[in-house]
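Take a look at the letters that make up each chain.
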Amino acid sequence: EIRNVEFHFAVPAFRSPESLEVRYRLEGWDEAWRDAGSTRVARYTNLPPRNYRFQVEVRDRTAPGGEEAAALQAVASVRLEPRVHERGGVRAGALALLGLLAGALYRRRIRSLEAREDELLRLVRDRERATAALEESEERLRLAMEAGKLGTWEWDLAYDQVSWSQGVDRFFGAGPVTGEAFVHRMRERIPEDDFVRTLALVDRVRSGEGREFATDFQLQANGANPLQVQLRGRRIEATPEDPVR
């Protein structure tokens, strides 16, 4: 009978893999060593039944002490016996694992990487759930503001840029704009007396003299009938990473 045999072996390396030379041979069959290259599988066909010793040798070209000192070997013994019920060959497998360069440390490192991967997956799932909850909360807030005809606005004092939500577009047009442009749009739409009073309140909070303000006025929105508008603002002190708003 014939036998097909396949040997799988692994070479863990904590240094540069390209510095390793790996070769193998099947004692009792190969006359010379075979260069493994990047392959970690050795296949043999038509092997007669007998005892074999599969040898793997690894040399580290960068290790001190020369090639002989750097060579490490692993051996797996296999016995092939004829079996009557088999026809056309059998694939018998033998696994030779090389515990090179502290095999116990290698296994510990694998377990550590697996634990880290599990933790990263958990963090990703938590982040996805938090993002979904935030999006749902923002959507509810948007619908509530639309139902109440409310809008939000923000004046970034560090960059002198004013932005607002869509609910404010009908009053001041599309944003964002600079602070100067925002004041100009207020002047165009708010009656003069109301504009002077409102701008004074805004400037007081911008300068830091006040923390918040609230005022109301009539506003001419894009040629339609005047609307009674209430404007509120609050100064938010910045952290070292964020600008003042």
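Cut-off values and rules
- Residues numbered from 1 in each chain as written.
- Predicted model: local features only at pLDDT ≥ 70, side-chain atom pairs only at ≥ 80, totals over all residues.
- Heavy atoms only, no water.
- Buried < 20%, exposed > 50% of the residue type's maximum accessible area, 1.4 Å probe, protein only.
- Helix = DSSP H or I, 4+ residues; strand = E, 2+ residues; numbered from the N terminus.
- Pairing = 2+ DSSP bridges.
- Expected span 1.5 Å × (residues − 1).
- Arc of directions from axis to C-beta.
- Contact = heavy atoms within 4.5 Å.
- Axes fitted to C-alpha atoms, helices over the stretch in contact; angles between N-to-C directions.
- Parallel < 35°, antiparallel > 145°, perpendicular 65-115°, else oblique.
- Nonpolar A, V, L, I, M, F, W, Y, C, P; charged D, E, K, R; others polar.
- Polar contact = N/O pair within 3.5 Å; in protein donor to acceptor, adjacent residues only side chain to side chain.
- Core = buried A, V, L, I, M, F, W, Y, C linked by side-chain atoms within 4.5 Å.

### Observations regarding the pairing of strand β5 (residues 51–60)
Residues in a regular strand point their side chains to alternate faces of the sheet. Counting buried positions along β5 gives eight out of 10 residues, so the element sits mostly inside the fold. Sheet topology note: the strand β2 (residues 20–27)/β5 ladder contains eight bridges and is antiparallel. Directly across from R25, in β5, lies its bridge partner Q55.

### Some points on unusual backbone geometry
For N46, which is not glycine, the phi torsion reads 60° and is therefore positive. With respect to the helices and strands, the residue N46 is situated in the loop between β4 (41–44) and β5. Its identity as a non-glycine residue notwithstanding, D160 has a phi of 55°, on the positive side. Residue classification places D160 among the partly exposed residues on the basis of a relative accessible area of 33%.

### Overview of helix α5 (residues 192–206)
For α5, spanning 15 residues, the distance from its first C-alpha to its last is 21 Å, which sits close to the expected 21 Å at 1.5 Å a residue. For α5, every residue scored as buried is listed here: D194, F195, T198, L199, V202 and V205. All buried residues of α5 project into a common sector of 125° when viewed along the axis, lining one side. Of the surrounding secondary structure, the elements contacted by the buried residues of α5 are β8 (153–156), α4 (179–189), β11 (212–219) and β12 (227–234). Just past α5, the residue G208 takes up positive phi, approximately 95°.

### Digging into the packing of α4 against α5
Viewed as axis vectors pointing N to C, α4 and α5 meet at an angle of 150°, and their least axial separation amounts to 8 Å. Here α4 is positioned roughly antiparallel relative to α5, judged by the angle of their axes. Contact residues: V183, M186 and R187 in α4; E192, F195, T198 and L199 in α5. Classifying every residue of the contact of α4 with α5 by side-chain character gives four nonpolar, one polar and two charged.

### With respect to the side chain of T198
Secondary-structure assignment places T198 in helix α5. Only 2.8 Å separates the side chain of T198 from the backbone oxygen of D194, close enough to count as a polar contact. When residues no more than four places from it in sequence are discounted, the contact partners of T198 are M186, T215, F217 and L231.

### Description of the nonpolar core
Formed by 20 residues in total, the largest nonpolar core has its most connected members in W164, F172, F182 and L219. The set of elements that each furnish at least two residues to this core consists of β9 (161–164), α3 (169–172), α4, α5, β11 and β12. It is α5 that contributes the most residues to this core, four residues altogether. Ignoring sequence-local partners within four residues, the contact set of W164 consists of T152, W153, D169, F172, G173, A174, G175, V177, F182 and R185. V11, L20, V22 and L26 belong to the second largest nonpolar core, which has 18 residues in total.

### Things to note about the pairing of β9
By the alternation rule, side chains of β9 split into V162 and W164, which are all buried, and Q161 and S163, of which none is buried. Pairing analysis gives four bridges linking β8 to β9, with the strands arranged antiparallel. Paired with W155 across the strands is V162, a residue of β9. The antiparallel hairpin formed by β8 and β9 contains four residues in its connecting segment, where D160 sits at a positive phi of about 55°.

Purely spatial values, then, with no claim about function.
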